[in-house]
Amino acid sequence: MIKPIANYEAYLEAYQKSVDQPEAFWADVASHFQWRKPWDKVLDWNFDEPKISWFEGAQLNITENCLDRHLAEHGNKLALIWEPNDPKERFVRYTYRELHEHVSRFGNVLRKNGIEKGDRVCIYMPMIPELMVAVLACARIGAVHSVVFAGFAAHSVADRINDSGCKMVITADALNRGAKQIPCKAVVDEALAECQTVEKVIVFERVGWPVHMEPGRDFWWHDELKGVSAHCEPAVMEAEDMLFILYTSGSTGKPKGVVHTCGGYMVYTAYTFANVFQVKPNDVYWCTADVGWITGHSYLVYGPLLNGATTLMFEGVPTYPDPGRFWQVCDKHAVTIFYTAPTAIRSLMAAGEDHVLSYSLDKLRVLGSVGEPINEEAWHWYHIHVGKERCPLTDTWWQTETGGIMIAALAGVSPLKPGHAGYPLPGVQPVLLDQEGKEIEGNDREGYLAIKFPWPSMIRTTYGDHERCRLNYFDTYKGYYFTGDGARRDEQGMYRIIGRVDDVINVSGHRFGTAEIENAINQNEHVAESAVVGYPHDIKGQGIYAFVVCREKEFDPVNLKGEITETVVAQIGKIAKPDKIQIVSGLPKTRSGKIMRRILRKVAEGDISNLGDTSTLLDPLVVDEIVEGKL
Ligand code: WT7
């Protein structure tokens, strides 16, 4: 329902207005939504506490804007197309009217089971329509959803449930992933052994696996729906009430709960969705991200529905039953806008052109990339073989904490440059900072990427620990939001994101703290200590390289590595499996005991010609041994 900016001059104009008069700019965007009560003040902020408040005094329910608002004129338009893992299974389509009804009924199920406004609900589900229904049903009744990606192991699920004190878990028996079936409910059962706050579990039957149902605690989705009304009165929310928590990794061991609020998140995700993808009424839009990540929240669920668009959700993986699956789905459902991650492109590129050349892809008109830097080879392959050189390819830079896309081309409107996210969206004021936190002026320069003015969907706090939010994002460079990324501004002022400058690694677009993986490895009884670094990986972007010191002198290296891998899988999940494990007798440490990761990074990269100054090390010989062990 947002009219996209039509040309580059209009973009420049909008950008200028967003900087000169940010409040007037955002008030104008916000006027396109349905509010129960208008705001008293557009923006109130300081980056010291930090305090960020958008549309204070306003009241709304985001699902009224996602669903009810469209019913009168577009009730029969498709809201959701769901494509199953198995191409032979029937796909599902919901109109806006149908989705509205499903959400309303399930909202009533939540209320019936004691969930009230403000309660936290953990959602641990496969990529099925019920996941979207569960998310929106929470928002409908004002419950705070905390979606946990269904690839996380029990211990990680328990941590997240406990950190936010969830009262309920919504899950499924199991999920389909390519040729495999993977349990969900059993993982939840194991997690709940470590949790005290969860009173009820609702289980959707997807696969038909036998599951344990705890009497009084566990209930079947289909049983709960029986006799439930299709009318669900939306909870009236303050603009700054919490909409959801989403856990993400930082440089410390424990993932943090990023908090997003109702009003600002709604306005920003809707605005950026319409503009970046240049959405038209008849588009079929497909974002391949899992709803367990921020991309799925903002650009599979909320952004598209807020604009009354048709969003496609895919249960499966890019390579099943073969590496042509993405393209087959594009043709099958006449997809016009396709948004995916570089790691998927690289893995399909490795499988060869034939798979993509067997499909017409003639409805595609816009391509997007997200999650990590897209290397030029992958950019061109995607642009040529998928987009047939006729579809603008927008590389979108943003973060869980930013809530929505920050730097990206408006497809077909802004200039494109492979490897570059490009210019900031209206409302976004990026800067490059030097070591001292001084702004670097001019173009053709590199520095730390920070943002100097608030935007509506920015992080408000980290759940239960505001100080952590302040220290993580607002303390390093006073007066700025610090992204943790390094970036370069080219001669034309276009941004190229270089990568993280903190101890965060990005593996296939999934974010981990190195400390988080080390903590997991250290749980193994044979491990004395460990250090994890990222290294360049052809498909994953970054791979996980673990240096491990063993407690015992005698050990079988093959067994030990296998055990360490199992420990990580049990603690975090398969997605955090180390790609390489090197057993070493010691780690390179300074005299004060700090691990010199710079050296380990070089070794992991295989760049051992120039290890830099090792004279400050406690035991420089350790480095020689590590280098030899690597060879
Ligand atoms: C980190 C945020 C944003 C949704 C998915 C990831 C990296 C993200 C790009 C891009 C280069 C990118 C950054 C960022 N990143 N998009 N287009 N080009 N790098 O969200 O898990 O919060 O990770 O992903 O390093 O800080 P996330």
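Residues numbered from 1 in each chain as written. Predicted model: local features only at pLDDT ≥ 70, side-chain atom pairs only at ≥ 80, totals over all residues. Heavy atoms only, no water.

A.B. asks: What exactly am I supposed to notice about the sheet that holds strand E6 (residues 120-124) here?
C.D. replies: Think of a sheet as strands paired side by side through backbone hydrogen bonds, with each pair either parallel or antiparallel. Sheet architecture is open: 8 strands sit in the order E12-E11-E8-E6-E7-E14-E15-E23, paired in mixed fashion. Lying at the two open borders of the sheet, with one neighbouring strand each, are strand E12 (218-220) and strand E23 (461-462). As paired strands, strand E14 (residues 242-248) and strand E15 (residues 256-261) are joined by 6 bridges and run antiparallel to one another. The residue of E15 that forms the bridge with Leu246 is Val258. Helix H7 (residues 185-192) rests against E6, strand E8 (168-172), strand E11 (200-204) and E12 of the sheet, and its axis sits at about 155° to E8. Contacting strand E7 (144-147), E14 and E15, helix H10 (residues 294-306) runs over the sheet at an angle of about 140° to E14. (Pairing = 2+ DSSP bridges. Helix = DSSP H or I, 4+ residues; strand = E, 2+ residues; numbered from the N terminus. Contact = heavy atoms within 4.5 Å. Axes fitted to C-alpha atoms, helices over the stretch in contact; angles between N-to-C directions.)

A.B. asks: What am I meant to see in the site of the ligand here?
C.D. replies: In the neighbourhood of the ligand, 17 residues make up the surrounding shell, with Asp395, Thr396, Thr400, Asp485 and Arg511 lying closest. For the ligand, a nitrogen atom lies 3.2 Å from a polar atom in the backbone of Gly371. A distance of 2.6 Å separates an oxygen atom of the ligand from a polar side-chain atom of Asp485. In isolation the ligand offers 550 Å² of accessible surface; the protein chains occlude 95% of this area. Broken down by secondary-structure element, the contributors of at least two residues to the shell around the ligand are H10, strand E20 (393-396) and strand E25 (495-500). Here the residues of the shell around the ligand sort into 6 nonpolar, 6 polar and 5 charged. (Near = heavy atom within 4 Å. Polar contact = N/O pair within 3.5 Å; in protein donor to acceptor, adjacent residues only side chain to side chain. Areas by Shrake-Rupley, 256 points an atom, 1.4 Å probe, with all protein chains shown as cover. Nonpolar A, V, L, I, M, F, W, Y, C, P; charged D, E, K, R; others polar.)

A.B. asks: I'm lost on the packing of aromatic side chains in this one. Help?
C.D. replies: Aromatic ring pairs are reported here in terms of the distance separating the ring centres and the angle at which the planes meet. Following the criterion strictly, the structure yields 45 aromatic pairs and no others. Among the aromatic side chains, those forming a connected cluster through ring pairs are Phe25, Trp26, Trp35, Trp39, Trp54, Phe55, Tyr268 and Tyr271. Sitting above the plane of the Phe152 ring, Arg160 keeps its charged end 4.3 Å from the centroid. (Phe/Tyr/Trp six-rings, centres within 6.5 Å; stacked < 30°, edge-to-face > 60°. Lys NZ or Arg CZ within 6 Å of the ring centre and 35° of its normal.)

A.B. asks: What is the right way to look at the side chain of Glu130 in this model?
C.D. replies: Relative to the elements of secondary structure, Glu130 occurs in helix H5 (residues 129-141). One buried charge, Glu130, has no salt-bridge partner; the nearest side chain with opposite charge is Arg206, at 7.0 Å. (Buried < 20%, exposed > 50% of the residue type's maximum accessible area, 1.4 Å probe, protein only. Lys, Arg positive; Asp, Glu negative; His and termini not counted. Salt bridge = Lys/Arg side-chain N within 4 Å of Asp/Glu carboxyl O.)

A.B. asks: I keep staring at a positive patch on the surface and nothing clicks. Help me out?
C.D. replies: Where like charges cluster on the molecular surface, the positive patch consists of Arg177, Lys180, Lys574 and Lys577. Classification of Lys180 as exposed rests on a relative accessible area of 52%. (Patch = residues over 30% accessible without salt bridge, like charges linked within 9 Å, V, L, I, M, F, W, Y side chains within 5 Å. Charge placed at Lys NZ, Arg CZ, Asp CG, Glu CD.)

A.B. asks: Would you take a moment to explain the pattern of salt bridges for this structure?
C.D. replies: As a working rule, side chains carrying opposite charge can pair if their charged atoms are close by. In the structure shown here, the tally under the stated rule is 37 salt bridges. Among the salt bridges present, the one from Arg511 reaches Glu401, with a minimum N-O distance of 2.7 Å. Of the two residues, Arg511 is situated in strand E27 (residues 510-513) and Glu401 in the loop between E20 and strand E21 (430-433); the sequence distance between them amounts to 110 residues. With respect to class, Arg511 is no different from Glu401; both count as buried. In this structure, the salt-bridge partner of Arg601 is Asp503, at a minimum N-O distance of 3.7 Å. Note that Arg601 is positioned in helix H18 (residues 597-605) and Asp503 in the loop between E25 and strand E26 (504-507), a separation of 98 residues in sequence. Exposure remark for Arg601: the relative accessible area of 34% places this residue in the partly exposed category.

A.B. asks: Mind showing me how you'd approach the sheet that holds strand E22 (residues 445-451) here?
C.D. replies: Pairing is antiparallel in the open sheet, where 4 strands are placed in the order E21-E22-E24-E25. Each edge of the open sheet is held by one strand with a lone partner, namely E21 and E25. Within this sheet the neighbouring strands show an average axis-to-axis angle of 45°, counted without direction.

A.B. asks: Just to check I follow, could you spell out the environment of Gly263 for this structure?
C.D. replies: Here Gly263 is to be found in helix H9 (residues 262-276). When the C-alpha atoms of Gly263 and Leu600 are compared, they prove to be 44 Å apart, with 337 residues separating the residues in sequence. The contacts of Gly263, once residues within four sequence positions are left out, are Trp35, Phe55, Leu60 and Ala239.

A.B. asks: What's the story with the nonpolar core in this structure? I'm lost.
C.D. replies: As a rule of thumb, soluble globular proteins bury nonpolar side chains together. Counting residues in each nonpolar core, the largest one holds 125 residues, and the members touching the most others are Phe277 and Tyr302. Setting aside residues no more than four positions away along its own chain, Phe277 makes contact with Thr272, Tyr285, Tyr299, Ile337, Tyr339, Arg365, Val366, Gly368, Thr394 and Ile405. Ranked by size, the runner-up nonpolar core spans 42 residues in total, among them Cys166, Val198, Val507 and Ile575. (Core = buried A, V, L, I, M, F, W, Y, C linked by side-chain atoms within 4.5 Å.)

A.B. asks: Would you mind going over the environment of Ser164 with me for this structure?
C.D. replies: Within the secondary structure, Ser164 sits in helix H6 (residues 154-164). For Ser164 and Ile599, which are 435 residues apart along the polypeptide, the C-alpha to C-alpha distance reads 37 Å.

A.B. asks: Whenever I open this one, helix H4 (residues 96-112) confuses me. Can you help?
C.D. replies: With 17 residues, H4 extends 24 Å between its outermost C-alpha atoms, agreeing within 8% with the 24 Å of an ideal straight helix rising 1.5 Å per residue. After H4 finishes, the residue Gly114 shows a positive phi value of roughly 90°. (Expected span 1.5 Å × (residues − 1).)

A.B. asks: Is there a simple way to think about the pairing of E8 in this case?
C.D. replies: Where a strand is regular, its side chains alternate between the two sheet faces. Taken across its 5 residues, E8 has 5 buried, putting it largely inside the fold. Of the two faces of E8, the one lined by Met168, Ile170 and Ala172 and the one lined by Val169 and Thr171 are each fully buried. Pairing analysis gives 4 bridges linking E6 to E8, with the strands arranged parallel. Paired with Val121 across the strands is Met168, a residue of E8.

A.B. asks: When you look at the packing of H6 against H7 in this model, what are you seeing that I'm missing?
C.D. replies: Between two packed helices, the angle of one axis relative to the other and the distance separating the axes together describe the packing. Packing of H6 against H7 brings their axes to within 8 Å, and their N-to-C directions diverge by 60°. The pairing of H6 with H7 is recorded here as oblique in orientation. In this structure, the crossing between H6 and H7 has a hand that is right-handed. Between H6 and H7, the contacting residues are Ala154, Val157, Ala158 and Ile161 on the first element and Val187, Glu190, Ala191 and Leu192 on the second. (Parallel < 35°, antiparallel > 145°, perpendicular 65-115°, else oblique. Left-handed = near helix turned anticlockwise from the far one by under 90°.)

A.B. asks: For this particular structure, what's the right way to read the packing of H4 against H5?
C.D. replies: Running from N to C, H4 and H5 point in directions that differ by 65°, and their axes come no closer than 8 Å. H5 is crossed by H4, and the crossing has right-handed handedness. Facing H4, whose interface residues are Leu99, His100, His102, Val103, Ser104, Phe106, Gly107, Leu110 and Arg111, H5 presents Met132, Val133, Ala134, Leu136, Ala137, Cys138, Arg140 and Ile141. Looking at the contact of H4 with H5 residue by residue, the class counts come to 11 nonpolar, 4 polar and 2 charged.

A.B. asks: Is there a simple way to think about helix H3 (residues 62-74) in this case?
C.D. replies: Three or four residues apart is the spacing at which side chains of an α-helix point the same way, because the helix has 3.6 residues per turn. Helix length check: H3 (13 residues) gives 17 Å between terminal C-alpha atoms against 18 Å at 1.5 Å per residue, within 8%. What H3 keeps buried is the set Ile62, Thr63, Glu64, Asn65, Cys66, Leu67, Arg69, His70 and Leu71. Those residues of H3 that are buried lie in contact with strand E3 (59-60), H4, H5, E14, H9 and H10.

A.B. asks: Can you walk me through unusual backbone geometry in this structure?
C.D. replies: Across residues other than glycine, the phi torsion is negative in most instances, and most of the peptide bonds are trans. With an omega of -10°, the peptide bond between Glu49 and Pro50 qualifies as cis. For Phe55, which is not glycine, the phi torsion reads 60° and is therefore positive. Positionally, Phe55 belongs in strand E2 (residues 51-56). The backbone of Ala334 sits at a positive phi, close to 55°, despite the residue not being glycine. Residue placement: Ala334 occurs in the loop between helix H11 (325-332) and strand E18 (337-340).

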